[in-house]
Amino acid sequence: MLWPIDLIVLTFVIFCAIAAITVRDLLGTAILFSAYSFLMCLLWAVMGAVDVAFTEASVGAGVSTVFLVAAVFRTSRRTKD
Amino acid sequence: MKFFGFVIVCLTGGLLLYGTMDLPDWGDPGSPASTHLSDYYIEHIVEETQVPNLVTAVLADYRGYDTMFETAVVFCAGLACFLLLRDFRPKKDRYFRHVPTGVMLHFKNPQTRLIAGNEFEHMDKDWVPSDMIIKTVCRILIPFIQIYALYVVAHGDFSPGGGFQGGVIFGSSLILMAISYNLKTLVKRVTEKFLSVFAALGVLIYVGLGVAAMLMGGHFLDYGMLAPLLPSDPGHIRALGMLGVEIGVGIAVMAVMVIIYINIVSEGRHDEGL
């Protein structure tokens, strides 16, 4: 019964990944990347790797998003290409 | 050029997908990873180390050498951020705000001094008044986040978590303080010297425990040899050694996360930022 949840979350992960590299607003990219990390955390939790899920939630969805937002704050919000 | 890159990305992705077909299925009991080593871990970890969480036992004890260098890598990341971004030159433009009236003063000459005392406060260039709701909520929330981080570090033997996650959560609580108030509030309370000492201290605790085990006559990071040093029964000595190592990792990671954040957000000046 677990595999439909797995597939739904995986679809969202792929959507987030594609959106994160196509969106031109870098702040939006940072938030999309955070969403990607959080969905990956859900996937790890579904697979039973709770420690990895914990690390993904705290590092991927938490601190790295803050670092990206800080970098956007100090550089520019628009991509060149 | 863009098309060329797209083709290369698609080819690499296709090759990687093709490569995954040779990987064993998820949870396959006959896969090489779960035939030899996993059985040993599952059968022996609890009686050898008294740690119920197998992941922590493998990371901090059986593979303690790897985790030590992971901590060193995190420390090096903080060091590189400091060396690349830190800027000690004083800033030319300074802004002051008259507190009772809200008038902003802009000083272009760095030599100018303000004679008035406490009525003026140093301001950021792109200063926005901080919202009362955000400030209050964060002030109430931060102590709970920190207690939770300490719980994650201390309870890493029994439940998911450990030094790395706990350190990251503690560091992000400090970063939340910088975001909800301003960067000066954080830098005043958590000074740069404090952070640098703590980043090095975490690695030192880890390596020191390993060297202490060597001095007691065992191998490097052989916590079982620490039994005369620590007040515990010999059965739990490995769990206690792992706890010490996790505390070291947590301290180092906490300090490094805050160092990286401060250096990025203030362009290395540690004065104003997000």
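Residue positions are given per chain, counted from 1 along the sequence in the order it is written. Naming scheme: in the order in which they are written, chains are lettered from A and ligands are numbered from 1. Local features in this predicted model are restricted to residues of pLDDT 70 or higher, and side-chain atom pairs are both shown and tallied only at a pLDDT of 80 or more, whereas totals for entire chains, interfaces and linings draw on every residue. With hydrogens and water set aside, each side-chain value is computed from the structure's full complement of heavy atoms.

Visitor: Got a minute to help me understand the overall build of chain A in this structure?
Guide: Strands are runs of DSSP state E lasting at least two residues, helices are runs of H or I lasting at least four, and both sets are numbered from the N terminus onward. Helix and strand counts for chain A stand at 3 helices and 0 strands. Projected onto its principal axes, the C-alpha positions of chain A cover 45 × 25 × 10 Å. When each of the 81 residues of chain A is scored for burial, the buried share is 30%. Look at the contacts in chain A between residues 6 or more apart in sequence, and 59% of them connect residues 24 or more apart. Residue-level accessible areas treat just the shown protein chains as cover; the underlying method is Shrake-Rupley with a 1.4 Å probe. When the accessible surface of chain A is summed, it comes to about 4,800 Å², and 77% of that surface belongs to carbon and sulfur atoms. Asp and Glu count as negative and Lys and Arg as positive, but His and the ends of the chain are not part of the count. Throughout, a charge is located at the NZ atom of Lys, the CZ atom of Arg, the CG atom of Asp or the CD atom of Glu. Averaged over its 5 positive side-chain charges, chain A has a centre that lies 21 Å from the centre of its 5 negative ones. Burial classes follow relative accessibility: with a 1.4 Å probe on protein chains only, a residue under 20% of its type's maximum area counts as buried, one over 50% as exposed, and anything between as partly exposed. Residues count as neighbours in contact if any of their non-hydrogen atoms are within 4.5 Å of one another.

Visitor: What am I meant to see in the nonpolar core here?
Guide: Considering soluble globular proteins, one finds that nonpolar side chains tend to be buried as a cluster. In this structure, Phe67 of chain A together with Leu186, Leu195, Tyr206, Tyr223, Tyr261 and Ile262 of chain B are the most contacted members of the largest nonpolar core, which totals 47 residues. It is helix α9 (residues 237–265) of chain B that contributes the most residues to this core, 16 residues altogether. If sequence neighbours within four positions are ignored, Tyr223 of chain B has contacts with Ala60, Asp61, Tyr206, Ile237, Arg238, Gly241, Met242 and Val245 of chain B. Throughout this description, the term nonpolar core refers to a set of buried Ala, Val, Leu, Ile, Met, Phe, Trp, Tyr and Cys residues connected via side-chain atoms within 4.5 Å. Of all hydrophobic cores here, the second largest spans 6 residues; its members include Val9, Val13, Cys16 and Leu43 of chain A.

Visitor: Looking at this structure, I do not really get a nonpolar patch on the surface. What am I missing?
Guide: Exposure above 30% relative accessible area and no salt bridge define the residues that can form patches, which grow by joining like charges within 9 Å and nonpolar side chains of Val, Leu, Ile, Met, Phe, Trp and Tyr within 5 Å. One side-chain nitrogen of Lys or Arg within 4 Å of one carboxyl oxygen of Asp or Glu is enough to make a salt bridge. A cluster of nonpolar side chains, namely Leu7, Leu10, Ile14 and Ile18 of chain A, defines an oily patch on the protein surface of about 350 Å² accessible area. Relative to the assigned elements, Leu10 of chain A resides in helix α1 (residues 3–22).

Visitor: I would appreciate a short explanation of the packing of aromatic side chains in the present structure.
Guide: Each aromatic ring pair is characterised by the separation of its centres together with the angle its planes make. Residue and element names in this part refer to chain B. For Phe, Tyr and Trp, rings pair up if their centres lie within 6.5 Å, where Trp contributes its six-membered ring, and each pair is then called stacked (planes under 30 degrees apart), edge-to-face (over 60) or tilted (otherwise). What the rule picks out here adds up to 7 aromatic pairs over all chains. Their ring planes at 90° and their centres at 6.1 Å tell us that Tyr65 and Phe220 sit as a pair that is edge-to-face. One end of the pair, Tyr65, is in helix α4 (residues 64–85); the other, Phe220, is in the loop between α8 (192–215) and α9, with 155 residues separating them in the sequence. Looking at Phe220, the relative accessible area reads 28%, which means it is partly exposed. Here a set of aromatic residues connected by ring pairs shows up, and it is made of Tyr40, Tyr41 and Tyr62.

Visitor: Sorry if this is basic, but what is going on with helix α3 (residues 54–62) of chain B here?
Guide: The periodicity of an α-helix, 3.6 residues per turn, causes residues three or four places apart in sequence to face the same way. Taken as a whole, α3 of chain B has its buried residues at Thr56, Ala57, Val58, Ala60 and Asp61 of chain B. The inward-facing, buried residues of α3 of chain B abut α2 (37–49), α4, α8 and α9 of chain B.

Visitor: Please clarify how a negative patch on the surface should be interpreted in this entry.
Guide: Taken together, Asp39, Glu43, Glu47 and Glu48 of chain B make up a surface patch of like negative charges. Relative to the elements of secondary structure, Glu43 of chain B occurs in helix α2.

Visitor: I keep staring at the environment of Ile45 of chain B and nothing clicks. Help me out?
Guide: All names here are of chain B. With respect to the element layout, Ile45 can be found in helix α2. The sequence separation of Ile45 and Tyr62 amounts to 17 residues, and the corresponding C-alpha distance is 9.5 Å. Here Ile45 is in contact with Tyr40, Gln50, Val51, Leu54, Ala57, Val58 and Tyr62, once residues within four sequence places are set aside.

Visitor: Any chance you could explain the interface of chain A and chain B here in plain terms?
Guide: For an interface, size is often stated in terms of accessible area lost upon the parts coming together. In this assembly, 15 residues from chain A lie in contact with 24 residues from chain B. Throughout, the accessible surface (probe 1.4 Å) given up by two parts as they are put together, summed over both, is called the buried area. For the chain A and chain B pair, buried surface summed over both sides reaches about 1,800 Å², with 75% attributable to carbon and sulfur atoms. Our count for the contact surface shared by chain A and chain B stands at 1 salt bridge. The residue Arg74 of chain A makes a salt bridge to Glu267 of chain B at a minimum N-O spacing of 3.9 Å. Two N or O atoms count as a polar contact when they lie within 3.5 Å, although within protein this holds only if one can serve as hydrogen donor and the other as acceptor, and sequence-adjacent residues are included solely when both atoms are side-chain atoms. The tally of links between chain A and chain B comes to 4 residue pairs in polar contact (both at pLDDT 80 or more). Split into classes, the residues belonging to the side of chain A that touches chain B amount to 11 nonpolar, 2 polar and 2 charged. Residue polarity is assigned by list, with Asp, Glu, Lys and Arg as charged and Ala, Val, Leu, Ile, Met, Phe, Trp, Tyr, Cys and Pro as nonpolar; anything else, Gly included, falls into the polar class.

Visitor: Mind showing me how you'd approach the domain arrangement of chain B here?
Guide: Each assigned domain of chain B is listed here: domain 1 (31–88 + 130–265) and domain 2 (93–129). Delimitation of the domains relies on an automatic or database domain assignment. Between the C-alpha centres of domain 1 of chain B and domain 2 of chain B there is a distance of 40 Å.

Visitor: In this structure, what is going on with the UniProt feature "transmembrane region" (unreviewed entry) in chain A? I would like to understand it.
Guide: Residue and element names in this part refer to chain A. UniProt positions are given in the numbering used here, feature names are shortened, and annotations may be inferred rather than shown by experiment. As recorded in UniProt, the feature "transmembrane region" (unreviewed entry) lies at residues 6–23, 30–47 and 53–73. The span residues 6–23 carries 94% helix and 0% strand; its end-to-end C-alpha distance comes to 26 Å. The span residues 53–73 is 100% helix and 0% strand, and its two end C-alpha atoms sit 28 Å from each other.

Visitor: Any chance you could explain the side chain of Asn53 of chain B here in plain terms?
Guide: With respect to the helices and strands, Asn53 of chain B occurs in the loop between α2 and α3. Looking at Asn53 of chain B, its side chain comes within polar contact range of the side chain of Thr56 of chain B, at 2.9 Å. Only 3.3 Å separates the side chain of Asn53 of chain B from the backbone oxygen of Gly156 of chain B, close enough to count as a polar contact. Apart from residues lying up to four places away in sequence, Asn53 of chain B is in contact with Asp51 of chain A together with Gly156, Asp157, Phe158, Ser159 and Pro160 of chain B.

Visitor: What's the story with the pattern of salt bridges in this structure? I'm lost.
Guide: Residue and element names in this part refer to chain B. What the rule picks out here adds up to 7 salt bridges over all chains. One salt bridge connects Arg269 with Asp87, and the closest N-O pair in it is separated by 3.6 Å. Residue Arg269 is found in the segment after α9, and its partner Asp87 is found in the loop between α4 and β1 (94–98); the two are separated by 182 residues along the sequence. Because the salt bridges share partners, they merge into one network encompassing Asp61, Asp222 and Arg238.

Visitor: Would you explain the packing of helix α6 (residues 163–180) of chain B against α9 of chain B in this entry?
Guide: Working note: a packed helix pair is described by the angle between its axes plus the distance between those axes. Residue and element names in this part refer to chain B. Packing of α6 against α9 leaves a shortest axis separation of 7 Å and a crossing angle of 30°. Judged by the inter-axis angle, α6 sits roughly parallel to α9. Seen along the crossing, α6 lies across α9 with a hand that is right-handed. Contacts between α6 and α9 pair Gly163, Phe164, Gly167, Val168, Phe170, Gly171, Leu174, Ile175, Ala178 and Ile179 from the former with Glu246, Val249, Gly250, Val253, Met254, Met257, Val258 and Tyr261 from the latter. Among the residues forming the contact of α6 with α9, the class breakdown is 13 nonpolar, 4 polar and 1 charged. Axes, fitted as lines to C-alpha atoms, cover a helix only where it is in contact. Angles between the N-to-C directions of the axes lie from 0 to 180 degrees. Note on angle classes: values under 35 degrees are labelled roughly parallel, values over 145 roughly antiparallel, values of 65 to 115 roughly perpendicular, and the remainder oblique. Here a crossing is taken to be left-handed if its near helix is turned anticlockwise relative to the far helix by less than a right angle, and right-handed if that turn runs clockwise.

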